[in-house]
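Take a look at the letters that make up each chain.
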Amino acid sequence: MSTWIDRTSSRRVLLGGLAAALLPCSTASPANAGDAGAVGFSPQEQERIYQHSPLPPLPADPTNRVADFPPAVRLGQFLYFDRRLSANGEVSCATCHDPAKGLADENTLAEGVDTGTRHSQAVWNMAYNRWFFWDGRADTLWSQALIPTEGPAELGSTRLQLIHLLSSDNALRSAYEHIFGPLPNFSDESRFPKVGRPVPDDDTHPHHRVWSSMDDADQLAVNTVYANSGKCVAAYERRLLSKDSPFDVFVEGLRGGDPTKMAALSASAQRGLKLFIGRGNCRICHSGPNFTDGEFHDIRMPPLPGQQPTDSARYQGVVDAQGNPFNAAGQFSDDREGAAAKKLSFLVQKPEQWGQFKTPSLRSVALSAPYMHQGQKKTLRDVLHHYSTLEGALPPGHHGQPEQLIVPLQFTIQEMEDLQAFLIALTGAPLDPKLLEQPASPVWSEL
Amino acid sequence: MLESNIQTRLLLAAALVFWTGCQNRETGSWQAAPRPSQASIPQPAVPQFDLGGLSNDGTFYVCYQTKPDPPPLNEPFDVDVFVCNAAKTQLLADVGLTADADMPAHGHGMNTLPKVQALPNGGFSVEGMLFHMSGHWEIYFDISRNGITERAQFDVHLD
Amino acid sequence: MSAKIFELWLCPPIRWIAFLLVGASALLAQQADDAAAPPRDPTKLPAGVLGKYESAITSLNSPAGVAIDQRGRIYVAETGGRRIRVFDSNGRPIREFGTETDPPLLNPTGVAVADNGHVFVSDTGNNRVVEFSPKGVFVRSRGRRGCADGEFINPGGIALSGKWLYVADTGNNRVQRLDLGGPNAQIIGRFGQEPGSFNSPLDVCVDAQGSLYVADYDNQRIQKFDSAGQFITTWGDWGAAEALLAGPRGVEYHDGLIYVADSHNHRIQAFDTSGKFRYAWGEHVIRPYEGEGKIHYPDQVAVAPSGEFAVVCESWENRCQVFGRVAAGEKPKLTQWWEVGQAMHYGPLADVAGHVMVMTETEGHRIMVFDVSREEPILIGQFGGYGTKPTRFIRPADVKLDPDSMRLYIADAGNRRLQIFRLAFDPGGVVKFRPGLAKFVKSIDLVRLGQNDPQLRDGPVIEPIALERDDRGNTYLISANHPFVLVFDPKFNFMGSLGSGADEGHPLQRPADLCFEPSSGQMYVVDAQSGWVAVFDRERKFTFAWGGLGTGEGKFTKPVGITRGSDGTIYVVDAGADRVQAFDGRGKFQMQWGSTGLGASQFFKPVGVVQDERKRLIIVDYGNHRGMYFKADGKFISAFGPRLFVRPTRSSGRPQPTAD
């Protein structure tokens, strides 16, 4: 009943022409397919390469006044690993965003207190993000940190449980009060029940009923402490940086004409880099020093086997970000009129956002297999295979408008190896091991 | 009284702008357009507009200034826009303006919906532009008057 | 409302009083019971959801409206057949009515049955609602064409609730709530995109609490109002994914659920009364005219009061299908968007200049540009997509390409505007797909234009469905809600109309398409409802007409497309008769070809016709999803489009123009 629009083939012709223009000197011909010899980069290519390195200094987060306050970093780090934050006492942030597993995990779908619907994202360089989660439903790192606490499949807890934990544990209380001043008195359980949270889409939920029975002022007191807990976790996560990778060393060398530093990238990885910024068009979305545009695209990625592509992703994320009371424009933000709040006001929900997921950073990407929003791709090679062939890709949508750059790139085996070598070379220098475990105490001391 | 004040102000603004802005060269890509030499500009008191051109049906001459200039890749930026008649003799304040941008080769545009505010000087300020990908962009100023909306468009290449 | 309409509503007085006295009692329904078929047994109702295909009522003439009474009898508003048909729950015909009233029903699209068995019909072509007795005897009617309270323009779906009759007053972009026991008519909503406003509301239903739900077609949403007409909530957005909508045409309430005929997604979606998605059914067609549970452009859905079954009307396929309930725990059959992929639908109208052909693509709300210099048209560009921004469209309905300037005029019906583009490319260059080949020049806001003009201000909002330009740069617009052609000067000031009230004798009721003859300066306008081709001179005066309703030579059933050949021949496409007729400039019949089907010289609801520079006629065979090439003398050349629809033309033997 329909004509299939073979947009793919017509675009391929065009891209072929484009590729020729972008690649004055071909590098992946069989003649130099081995790993020997230097790879030359044109001035334009060099300009493009410089866009990716180094990672700039940590951007400020004025919505979180404790973002760079060491005591907040310490409390946040403690909470990040604290399993008491979960409903069953077995899950912490680190369960799914495990420092031993590239700040993600090996599961396809996230396994918190229950199984989620998406794959755990690696949380490297989160401080550089514009939006958070695969669907961008949080607009600040600290408001992001709040959502898994109450996610029924994640920590499965509630904000009332969290504030009671903070007030009943002396160390946590002391750490909190050191940063934010005295905790309110939450001891009256008739005013502050043990369990409860708002459940916006189900007002018959027991958690919601408890929450809505509370006074506005008491809700505000809880929300303030809850928000502060997120700000501490965010302060810690801002330290989880992936930088100083072999690629960064190479770029230093390229800039300064230092062949020793340039040797940090193998010839294969250099050829991969050339593809990345050239014919592969990878850089169009994986742009900038954090290798992401921070935005959302439909790459026609099919869901896990047996599942259906029913995740609306960014389409709902836009509404959630704007409706989140903990967003940058909300009353718990420390900068309600700044740039972070403004960016929310430029958002608009559009049908074409349906099924668009956020471009992930590629820094340290080799550490955090599997990949994609459901962990559909086990290895980097599988990811490259998708872009190479679009085998099994979803149709472009009955009425939709997918990213038109998504055409089969038809990589050779050598090209896939080169790209993979390049991606592996984005692995950052190791972090201080003390940053990657729960500290003995949540209380910071300068000693 | 108030009305005549506004008229005076508009005329003044119009005069200043078309002297310093609308008489400049037709159009150009953001990267390519050099600034006019400072010496050629008698009154640098108002923003200088390197860039401008006729709208697609020739009704308006639109000049604009991105802030920063050139527009950055994947960072929000603002634009100041002035709409003149085609002959560039008059600044038009009785028009509505919306701003947008597309990447024709990608089949999509920006992820933001910019906000436009009319300025007291007869121009418009556009907030919330964001070119999140490198490549060829077309920036659109859609000018509305009496139910007719006409487009002025300009090419931008970001690499 | 005027006293005259009040009188109309009151007569005949005796039935009126009886109705008041009896009210909603079942007495009349009992008396009316002459149906032989036993009703289904509600005690055997399975627990599963609706969506299991059971049977079909076929050979209907464009059935768009449906209702089911307490006994499970199915009432079909047979729009093309201009009557109401009643079937038992097994699809056996019981009776039909509506052709004997004065005037007879004209393209009825809505039907509702009261508890007492009285049948209410929205008589769309006559701009009124009509009440019939259970046996189909005219009781009373209300309304006439207009924008005042109690007046209608193209009323669509209707619903009964207690003493109220709700009418989707489509052409006025509002809902009216009529008091069955008095003269009151309450207006709900007006034209607009904001919550509580409408853009072509097509159907209504009312839940057990008296809340009103409206299928807000061009806004791609369902809107909910309380029983006092106050806006409560809205849901839906354009798209193919679950809970999104593409052209919601029908709404039905049953037992806590709102069923939506989601026409361009070819499915029925069920929501709870707050708009939360519950389930959906509908398999996409693969073979032409496929039925057996495959749903194709559903118009309305009705659920039997017992809940046992639902009836889905598909005027496109001239049938209604009956769906029962699936077994408990099972899911009904549903084709998901990723199983269908991206589809292209030609039409309804096209234009050609040089070797460039432009067509609207209704479902993607896009414009497609083809190179037609070869045997087969080659897609060289497309643009648009659903939306309200400039360069986006809602229901692009017609295109006009100026060969000299390569300016492209597009009637953007849902956005109520004209959009003007310039095709910017070297026509002599390589034939290939070119992103960005259409440069947006400007758009004309017809809502604003209508508000600014004193002659148009009091009329309905213009809904442009066809357009033409003359050699002086004037633009001629056909609006779905106006019984005349609107004429604008090159600066888009309203100049006047073809076929306005002051110009006597013209036959225009529902103009559908038009073409300009430069040598005589005449404009030929074809009217889908009256079946006439009306000719107007340069001064916009009616000069002569030919045609009229009928099936013989020179007569029409539903003529919707007209074009002028290079030799002056006028070609008229008849969507109701599936044929093309050719006339000279004076209306003298020359020849005809076409019949219903998939063969080489066959059509199914053809809608558009243009002639290219090689003098080939291109017919948009809309119902068959294909384009057809003919020589100027009617000889079939070739067809293009989806293989399943094109292949039959090759196997249908040597094509010959049919003789009458």
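Residues numbered from 1 in each chain as written. Chains lettered and ligands numbered in written order. Predicted model: local features only at pLDDT ≥ 70, side-chain atom pairs only at ≥ 80, totals over all residues. Heavy atoms only, no water.

## Focus on helix α6 (residues 159-168) of chain A
Residue and element names in this part refer to chain A.
For step 1, the next point in the chain: Counted residue by residue, α6 has eight buried out of 10 residues, so it is predominantly covered.
For step 2, the next point in the chain: Buried within α6 we find R159, L160, L162, I163, H164, L165, L166 and S167.
For step 3, the next point in the chain: On its buried side, α6 packs onto α5 (141-150), α7 (170-180), α8 (206-212) and α9 (216-237). (Buried < 20%, exposed > 50% of the residue type's maximum accessible area, 1.4 Å probe, protein only. Helix = DSSP H or I, 4+ residues; strand = E, 2+ residues; numbered from the N terminus. Contact = heavy atoms within 4.5 Å.)

## With respect to the interface of chain B and chain A
For step 1, the next point in the chain: Residue-level contacts link 20 residues of chain B with 26 residues of chain A.
For step 2, the next point in the chain: Between chain B and chain A, the buried area comes to about 1800 Å², and carbon and sulfur atoms account for 44% of it.
For step 3, the next point in the chain: Broken down residue by residue, the surface that chain B buries against chain A is led by H106, N111 and D159 of chain B, which jointly contribute 30%.
For step 4, the next point in the chain: Viewed at the interface, chain A and chain B are joined by three salt bridges.
For step 5, the next point in the chain: Between R283 of chain A and D159 of chain B there is a salt bridge whose closest N-O contact spans 3.3 Å.
For step 6, the next point in the chain: Across the chain B-chain A interface, the total number found is 12 residue pairs in polar contact (both at pLDDT 80 or more).
For step 7, the next point in the chain: Considering every element that reaches the side of chain B that touches chain A, the biggest residue donor is strand β7 (residues 124-130) of chain B, with three residues.
For step 8, the next point in the chain: Taken together, the residues of the side of chain B that touches chain A break down into seven nonpolar, nine polar and four charged. (Buried area = accessible area lost by both parts, 1.4 Å probe. Salt bridge = Lys/Arg side-chain N within 4 Å of Asp/Glu carboxyl O. Polar contact = N/O pair within 3.5 Å; in protein donor to acceptor, adjacent residues only side chain to side chain. Nonpolar A, V, L, I, M, F, W, Y, C, P; charged D, E, K, R; others polar.)

## What to know about the sheet that holds strand β11 (residues 164-169) of chain C
Residue and element names in this part refer to chain C.
For step 1, the next point in the chain: Read across the open sheet, the four strands follow the order β10-β11-β12-β13; overall the sheet is antiparallel. Since the sheet does not close on itself, it has two edges, and those belong to β10 (155-161) and β13 (185-188), each with one partner. Direction aside, the axes of adjacent strands within the sheet are offset by 20° on average.
For step 2, the next point in the chain: Across five bridges, β10 lies against β11 in antiparallel orientation. For I158, the partnering residue across the bridge sits in β11 and is V167. (Pairing = 2+ DSSP bridges. Axes fitted to C-alpha atoms, helices over the stretch in contact; angles between N-to-C directions.)

## So, the nonpolar core
All names here are of chain A.
For step 1, the next point in the chain: Judged by nonpolar contacts, the single largest core of 54 residues is most densely connected at L75, Y80, F186 and V222.
For step 2, the next point in the chain: Among the secondary structure elements, those contributing two or more residues to this core are α3 (70-80), α4 (93-96), α5, α6, α7 and α9.
For step 3, the next point in the chain: For F186, the residues in contact, after removing those within four places along its chain, are I163, H164, S167, F192, A221, V222 and V225.
For step 4, the next point in the chain: Within the second largest apolar cluster, 36 residues are counted, among which are L254, L409, F411 and L419. (Core = buried A, V, L, I, M, F, W, Y, C linked by side-chain atoms within 4.5 Å.)

## Considerations on the packing of α3 of chain A against α7 of chain A
All names here are of chain A.
For step 1, the next point in the chain: Two elements in contact, α3 and α7, have axes separated by 9 Å at closest approach and are oriented at 150°. Classed by the angle they form, the pair α3 and α7 counts as roughly antiparallel. In this structure, α3 meets α7 at a crossing whose hand is left-handed. Across from P71, A72, L75, F78 and L79 in α3, the residues of α7 making contact are L172, A175, Y176, H178 and I179.
For step 2, the next point in the chain: Classifying every residue of the contact of α3 with α7 by side-chain character gives nine nonpolar, one polar and no charged. (Parallel < 35°, antiparallel > 145°, perpendicular 65-115°, else oblique. Left-handed = near helix turned anticlockwise from the far one by under 90°.)

## Examining the side chain of N223 of chain A
For step 1, the next point in the chain: Mapping N223 of chain A onto the fold places it in helix α9.
For step 2, the next point in the chain: N223 of chain A has contacts with R159, W211, F326 and F332 of chain A, leaving out every residue within four places of it along the chain.

## Structural notes on the environment of R71 of chain C
For step 1, the next point in the chain: Residue placement: R71 of chain C occurs in the loop between β2 (63-68) and β3 (74-78).
For step 2, the next point in the chain: A C-alpha to C-alpha distance of 8.2 Å links R71 of chain C and S89 of chain C, two positions 18 residues apart in sequence.

## What to know about the packing of α5 of chain A against α9 of chain A
A pair of packed helices is characterised by two quantities: the angle between their axes and the separation of those axes.
All names here are of chain A.
For step 1, the next point in the chain: Look at α5 against α9: their axes get within 7 Å of each other, and the N-to-C directions meet at 115°. In this view, α5 runs roughly perpendicular relative to α9, as classed from their interaxial angle. Judged by the twist between their axes, the crossing of α5 over α9 is right-handed. The segment α5 lies against α9, with L141, W142, Q144, A145, L146, I147, T149 and E150 engaging Y226, A227, S229, G230, K231, V233, A234 and E237.
For step 2, the next point in the chain: By residue class, the composition of the contact of α5 with α9 is nine nonpolar, four polar and three charged.

## Concerning the confidence of the model for chain B
In regions of low pLDDT, the predicted coordinates are not meant to be interpreted in detail.
Residues and elements named next belong to chain B.
For step 1, the next point in the chain: Overall, the predicted model of chain B reaches an average pLDDT of 77, with 69% of residues at or above 70.
For step 2, the next point in the chain: Here residues 1-47 is a poorly scored stretch, pLDDT under 50, and it has 69 contacts once near neighbours within four places are set aside; other chains count.
For step 3, the next point in the chain: With a pTM of 0.87, the predicted complex shows an ipTM of 0.87. (pLDDT = per-residue confidence, 0-100.)

## Quick word on the packing of aromatic side chains
Remark: the centre distance and the inter-plane angle together describe each pair of aromatic rings, the angle taken between the planes.
For step 1, the next point in the chain: Applying the stated criterion to the full structure yields 50 aromatic pairs over all chains.
For step 2, the next point in the chain: Aromatic pair Y64 of chain B and F154 of chain B: ring centres 4.6 Å apart, planes at 45°, arrangement tilted. Highlighted residues: Y64 of chain B in strand β2 (residues 60-67) and F154 of chain B in strand β9 (residues 148-158), separated in sequence by 90 residues.
For step 3, the next point in the chain: For Y64 of chain B, a relative accessible area of 1% corresponds to the buried category.
For step 4, the next point in the chain: An aromatic cluster is present here, built from Y524, F544, W546, F556, F583 and F589 of chain C joined pairwise through their rings.
For step 5, the next point in the chain: Of note, K231 of chain A hangs over the ring of W142 of chain A, and the distance from its end group to the ring centre comes to 4.7 Å.
For step 6, the next point in the chain: Over the aromatic face of W164 of chain C sits the side chain of K163 of chain C, whose NZ or CZ is 4.8 Å from the ring centroid. (Phe/Tyr/Trp six-rings, centres within 6.5 Å; stacked < 30°, edge-to-face > 60°. Lys NZ or Arg CZ within 6 Å of the ring centre and 35° of its normal.)

## What about the pattern of salt bridges?
For step 1, the next point in the chain: Summed over all chains, the structure comprises 61 salt bridges over all chains.
For step 2, the next point in the chain: For K261 of chain A, the salt bridge goes to E252 of chain A, with nearest N and O atoms at 2.8 Å.
For step 3, the next point in the chain: Salt-bridge contacts for E463 of chain C lead to R395 of chain C; the nearest nitrogen and oxygen are separated by 2.8 Å. Residue E463 of chain C is found in the loop between α5 (446-452) and β33 (464-469), and its partner R395 of chain C is found in the loop between β28 (378-384) and β29 (396-402); the two are separated by 68 residues along the sequence.

## Points about unusual backbone geometry
For step 1, the next point in the chain: The residue after S53 of chain A, namely P54 of chain A, is reached through a cis peptide bond having omega -5°.
For step 2, the next point in the chain: Here the phi dihedral of H266 of chain C falls at roughly 55°; this positive angle occurs in a residue that is not glycine.
For step 3, the next point in the chain: If you trace the backbone, H266 of chain C turns up in the loop between β19 (257-262) and β20 (267-272).

## A short note on the sheet that holds strand β35 (residues 485-488) of chain C
Residue and element names in this part refer to chain C.
For step 1, the next point in the chain: Read across the open sheet, the four strands follow the order β33-β34-β35-β36; overall the sheet is antiparallel. Edge positions in the sheet fall to β33 and β36 (494-498), since each has one partner strand and no second. Across the sheet, the mean angle separating the axes of adjacent strands is 25° when strand polarity is ignored.

## Some words on the state of the cysteines
Residues and elements named next belong to chain C.
For step 1, the next point in the chain: Under the counting rule described, the total for this entry stands at zero disulfides over all chains.
For step 2, the next point in the chain: Note on C205: no disulfide assigned, nearest cysteine sulfur contributed by C313 at a separation of 16 Å.
For step 3, the next point in the chain: Judged by its relative accessible area of 3%, C205 falls in the buried class. (Disulfide = S-S within 2.5 Å.)

## Some points on the environment of L394 of chain A
For step 1, the next point in the chain: Of note, L394 of chain A is situated in the loop between α16 (380-389) and α17 (413-424).
For step 2, the next point in the chain: Looking at L394 of chain A, the relative accessible area reads 11%, which means it is buried.
For step 3, the next point in the chain: Here the alpha-carbon distance between L394 of chain A and L254 of chain A, two residues 140 residues apart in the chain, equals 40 Å.
For step 4, the next point in the chain: Apart from residues lying up to four places away in sequence, L394 of chain A is in contact with R300, M301, P302, P303 and P309 of chain A together with W337 and W338 of chain C.

## Quick word on the environment of G473 of chain C
Residues and elements named next belong to chain C.
For step 1, the next point in the chain: Mapping G473 onto the fold places it in the loop between β33 and β34 (475-479).
For step 2, the next point in the chain: Taking relative accessible area as the criterion, G473 reaches 15% and is therefore assigned buried.
For step 3, the next point in the chain: Residues G473 and F492, 19 residues apart in the sequence, show an inter-C-alpha distance of 9.8 Å.
For step 4, the next point in the chain: Sequence-distant contacts of G473, defined by excluding residues within four places in its chain, comprise D489 and P490.

## Topic: the pairing of strand β38 (residues 522-527) of chain C
Residues and elements named next belong to chain C.
For step 1, the next point in the chain: Most of β38 is tucked away, with six of its six residues classed as buried.
For step 2, the next point in the chain: Burial of β38 is two-sided: the residues Q522, Y524 and V526 facing one way and the residues M523, V525 and D527 facing the other way are all buried.
For step 3, the next point in the chain: The sheet contact formed by strand β37 (residues 511-517) and β38 spans six bridges and is antiparallel. Its bridge partner lying in β38, F516 is registered against M523.
For step 4, the next point in the chain: Hairpin connection from β37 to β38: four residues lie between these consecutive antiparallel strands, with G521 at a positive phi of about 75°.
For step 5, the next point in the chain: Note that β38 and strand β39 (residues 532-536) share four bridges and pair antiparallel. In the sheet register, M523 faces β39, and the bridge partner there is F536.

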